[in-house]
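# Structural features, examined
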Amino acid sequence: MQLPMSAKLTPRLEWRDQAGSTNLELVQLAQSESLPDFTVMVTANQVAGRGRSGRTWQAPADTSLAISVLLRPRIEDQADLGKLGWLPLLGGLAMAQNVQTLLGTAGASQDAVGVKWPNDVLVNERKISGVLSELVPLNQSGSEGAQFGPSVAVVIGAGVNLTIAAADLPVPTATSLTLAGAQLPFALDDRLDLVLSGYLQQLSHWYRRFTEARFSAVTSGLRQAVIENCVSLNREVRAILPGDTEQVGRAVTIDDTGRLVLQVSGQPIPVAAGDIVHLRHN
């Protein structure tokens with residue numbers, strides 16, 4: 001597969017004609033050899049994709065793109081590690097901005113494209129992309145020369161629906177770029193390269209700003225950008241939390257640590273992890 005625009009944006013691009021899970025395969029590769037920061041693995045035929053909370057994700061061959069990126073920022077102290085919780089939100093923001101660009105005027109309506117906290121990308125309330133981030137424990141060979149502490153890295157995985165027809169959508173609440181109105185190149189190589197390179201450009205931009213600001217989401221502008229692109233805010237939501245507990249309230253902001261803050265009976269309730277269900281928008 002020829003992906004010239006994308007290849008310029010990464011020190012190492014690994015294409016797979018078929019992969020079970022690009023996240024899993026990139027993790028395994030990182031554990032077997034020392035990979036550079038921003039190594040990318042990609043396929044248009046992922047047969048055992050994984051989503052949040054153990055969900056599976058699969059699509060017909062060549063109708064979607066599975067992208068995994070290995071990040072190894074330079075960590076100087078334990079406090080930096082705690083700030084890496086922003087990376088999943090960073091991945092969702094990058095994909096949302098890429099989708100906005102690809103849709104052009106088709107996605108220009110108010111709130112048409114955005115992130116459902118923490119990192120699902122929606123177009124008119126239909127899911128077009130999901131992001132799954134994983135900490136990667138590295139063995140000795142994988143950690144030699146690492147810039148990311150002695151034994152840890154992060155993989156950000158993203159799946160985006162390209163040309164899936166309505167009849168092949170995994171759930172009725174999903175969509176694809178072509179269904180949403182994007183005009184993509186006819187040739188498969190060109191189509192994949194356009195979508196992948198756009199995502200890598202956005203991801204690299206925010207990753208560089210975030211690391212140069214010593215992992216400050218505020219100083220880098222990341223928090224504000226996530227807030228501006230989050231379609232969960234200013235609406236009633238149900239937060240399904242670990243342990244099957246729930247909170248229902250109005251999502252009002254995202255705090256400095258990346259948590260979604262709900263207003264529940266006049267009290268702010270921060271949500272660090274969980275599934276968000278949009279109830280209504282007003």
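Okay, so let's go over this structure. (Residues numbered from 1 in each chain as written. Predicted model: local features only at pLDDT ≥ 70, side-chain atom pairs only at ≥ 80, totals over all residues. Heavy atoms only, no water.)

## As for the nonpolar core
The biggest cluster of nonpolar side chains holds 66 residues, and the ones touching the most others in it are Leu65, Ile67, Val99, Leu177, Tyr199, Leu222 and Ile254. Top contributing element to this core by residue count: helix α4 (residues 87-103), with 10 residues. Non-local contacts of Ile67, meaning those with residues more than four positions away in its chain, are made with Thr22, Val40, Met41, Val42, Met95, Ile156, Gly157, Ala158, Leu196 and Tyr199. Counting residues in each nonpolar core, the second largest holds 10 residues, with Leu29, Leu35, Met41 and Ala153 among its members. (Core = buried A, V, L, I, M, F, W, Y, C linked by side-chain atoms within 4.5 Å. Buried < 20%, exposed > 50% of the residue type's maximum accessible area, 1.4 Å probe, protein only. Helix = DSSP H or I, 4+ residues; strand = E, 2+ residues; numbered from the N terminus. Contact = heavy atoms within 4.5 Å.)

## Concerning the environment of Ile276
Examined against the element boundaries, Ile276 turns out to sit in strand β14 (residues 275-281). In this structure the C-alpha to C-alpha distance between Ile276 and Trp117, which are 159 residues apart in sequence, comes to 6.9 Å.

## Thoughts on the side chain of His278
Assignment of secondary structure puts His278 in strand β14. A polar side-chain atom of His278 sits 3.3 Å from a polar atom in the side chain of Glu125. Separated by 2.8 Å, the side chains of His278 and Ser232 make a polar contact. Once residues lying within four places of it in the same chain are set aside, the contact partners of His278 are Lys116, Leu122, Glu125, Val231, Ser232, Arg235, Glu236 and Val237. (Polar contact = N/O pair within 3.5 Å; in protein donor to acceptor, adjacent residues only side chain to side chain.)

## Some details on a nonpolar patch on the surface
Taken together, the side chains of Val248, Val277 and Leu279 define a hydrophobic patch exposed on the protein surface, amounting to about 200 Å² of accessible area. Within the secondary structure, Val248 sits in strand β11 (residues 245-254). By relative accessible area, Val248 is classed as partly exposed at 43%. (Patch = residues over 30% accessible without salt bridge, like charges linked within 9 Å, V, L, I, M, F, W, Y side chains within 5 Å. Areas by Shrake-Rupley, 256 points an atom, 1.4 Å probe, with all protein chains shown as cover. Salt bridge = Lys/Arg side-chain N within 4 Å of Asp/Glu carboxyl O.)

## Points about the packing of aromatic side chains
This structure, assessed with the given rule, holds two aromatic pairs. Each ring, one from Phe210 and one from Phe215, has its centre 5.6 Å from the other, and the planes form 80°; the classification is edge-to-face. For the pair Phe210 and Phe215, one class covers both residues: buried. (Phe/Tyr/Trp six-rings, centres within 6.5 Å; stacked < 30°, edge-to-face > 60°.)

## Some points on the environment of Gly92
Considering the arrangement of structural elements, one finds Gly92 in helix α4. Measuring from C-alpha to C-alpha, the distance between Gly92 and Lys116 comes to 8.8 Å, with 24 residues separating the pair along the chain. Sequence-distant contacts of Gly92, that is, excluding residues within four places in its chain, are made with Val115, Asn119, Val121 and Val131.

## A few points about the sheet that holds strand β9 (residues 152-161)
Here we have seven strands laid out as an open sheet, ordered β1-β2-β5-β9-β8-β7-β6, and mixed in their pairing. Each edge of the open sheet is held by one strand with a lone partner, namely β1 (13-16) and β6 (113-116). Taken over all neighbouring pairs, the strand axes of this sheet differ in orientation by 20° on average, direction set aside. By the bridge criterion, five bridges tie strand β2 (residues 39-43) to strand β5 (residues 64-71) in an arrangement that is antiparallel. (Pairing = 2+ DSSP bridges. Axes fitted to C-alpha atoms, helices over the stretch in contact; angles between N-to-C directions.)

## Comments concerning the packing of α4 against helix α6 (residues 188-212)
Two measures define how a pair of helices packs: the angle their axes make with one another and the distance between the axes. Across the interface, α4 lies against α6 with an axial gap of 8 Å and an inter-helix angle of 135°. In terms of their interaxial angle, α4 and α6 are classed as oblique. As for the relative orientation of α4 and α6, their crossing is right-handed in sense. Only Leu194, Val195, Gly198, Tyr199, Gln202, Leu203, Trp206, Tyr207 and Phe210 of α6 make contact with α4, whose side of the interface consists of Leu87, Leu90, Gly91, Leu93, Ala94, Met95, Gln97, Asn98 and Leu102. (Parallel < 35°, antiparallel > 145°, perpendicular 65-115°, else oblique. Left-handed = near helix turned anticlockwise from the far one by under 90°.)

## Observations concerning unusual backbone geometry
With an omega of 5°, the peptide bond between Trp117 and Pro118 qualifies as cis. Here Pro118 lies in the loop between β6 and β7 (120-123). Although it is not a glycine, Glu125 adopts a positive phi angle of roughly 75°. Note on placement: Glu125 falls in the loop between β7 and β8 (126-137). Judged by relative accessible area, which is 40%, Glu125 ranks as partly exposed. For Asp244, which is not a glycine, the phi torsion comes out positive at approximately 60°.

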